[in-house]
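Listed here are the chains, written in short residue letters.
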Amino acid sequence: MGCGPHRHFSPPDDRSGPFHRGRGGRHGGRLFDYGELRLLLLAIISDAPSHGYELIKTVEDRFGGSYSPSPGVIYPTLAWLDDMGYTVIEPAEGGRKRYRITPEGEAFLAANRAAIDELMARAGHRGPGGRDGVPAPVVRAMENLKLAMRLRLRRGEMSEEASEAIAAALDLAAKTVEKS
């Protein structure tokens, strides 16, 4: 199924894109693009076979809590790595899937070493201060709120009672933040 080491990732030529210092993209910009996430996950897996939750936590730790990929991003990316033959799935405890790098994956990493080194350098520069000086726990909480709202809104219409409850919770959070 994999295409072997002949498939290469090319970072975008536009250095003002969402991963670079310019904060382009939706909602203030993404930390990095999908191709870069593939490389990051593969590099982490090359250090030690991992399952999805471990990868989410490892990425979060590497970025000082300022970025935590959602399962909706991680699992499709892992499926792509598996489809390409860059990883294989090993059964693990509790029925979880553990991803292990293949020789093809190692070759893919070697072919993209410069991009990976850049990714790791950027991950290293994101300390516990979070993004733009915002403390990491605050960034995490903001991301959790955004995700919760998106998930709730995707479920469809909400009753007047649910709408009022959500608005009241958000208003209370806003007042608490203003007073802190």
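Worth saying up front: this structure is predicted, and the values here are computed from it rather than measured.

A. Looking closely at the side chain of arginine 98. Mapped onto the elements, arginine 98 comes out in strand 2 (residues 97-101). Every residue in contact with arginine 98, bar those within four places of it in the chain, is listed here: Pro49, Ser50, His51, Glu54, Val88, Ile89, Glu90, Ala92 and Glu93.

B. Up close: the pairing of strand 1 (residues 87-91). Taken together, the five bridges between strand 1 and strand 2 define a ladder with antiparallel strand orientation. Of the residues in strand 2, the one forming a bridge with isoleucine 89 is tyrosine 99. The antiparallel pairing of strand 1 with strand 2 creates a hairpin that spans five residues between the two strands, and glycine 94 there sits at a positive phi of about 70°.

C. Molecular detail of the pattern of salt bridges. Under the definition given, this model contains four salt bridges. Residue arginine 113 is joined to aspartate 117 by a salt bridge in which the shortest nitrogen-to-oxygen separation is 3.6 Å. On the criterion of helical spacing, the pair formed by arginine 113 and aspartate 117 is a turn pair, its members being four residues apart in helix 5 (residues 113-124). Residue class for aspartate 117 comes out partly exposed when judged on its relative accessible area of 42%.

D. Spotlight on the nonpolar core. Ranked by internal contacts, the top residues of the largest apolar core, which has 25 residues, are Leu41, Leu42, Leu78, Leu81 and Tyr86. Among residues more than four places away in sequence, those in contact with leucine 78 are Leu41, Ile45, Gly52, Leu55, Thr87 and Tyr99.

E. Main features of the packing of aromatic side chains. Applying the stated criterion across every chain yields a total of three aromatic pairs. Ring geometry for tyrosine 86 against phenylalanine 108: centres 4.3 Å apart, planes inclined by 15°, an arrangement best described as stacked. With tyrosine 86 in the loop between helix 3 (71-83) and strand 1 and phenylalanine 108 in helix 4 (residues 103-111), this pair connects stretches of sequence that are 22 residues apart. Given the relative accessible area of 0%, tyrosine 86 is considered buried. Among the aromatic residues, those joined into a ring-pair cluster are Trp80, Tyr86 and Phe108.

F. The confidence of the model for the protein, seen in detail. On average, residues of the protein score 75 in pLDDT, and 71% of them reach the 70 mark or higher. Contacts for the low-pLDDT stretch residues 1-29, under 50 throughout, to residues beyond four places or in other chains number 47 contacts. Note that residues 125-130 has pLDDT below 50 and, in this model, 15 contacts with residues that lie over four places away or in other chains.

Definitions and cut-offs
Residues numbered from 1 in each chain as written. Predicted model: local features only at pLDDT ≥ 70, side-chain atom pairs only at ≥ 80, totals over all residues. Heavy atoms only, no water. Helix = DSSP H or I, 4+ residues; strand = E, 2+ residues; numbered from the N terminus. Contact = heavy atoms within 4.5 Å. Pairing = 2+ DSSP bridges. Salt bridge = Lys/Arg side-chain N within 4 Å of Asp/Glu carboxyl O. Buried < 20%, exposed > 50% of the residue type's maximum accessible area, 1.4 Å probe, protein only. Core = buried A, V, L, I, M, F, W, Y, C linked by side-chain atoms within 4.5 Å. Phe/Tyr/Trp six-rings, centres within 6.5 Å; stacked < 30°, edge-to-face > 60°. pLDDT = per-residue confidence, 0-100.

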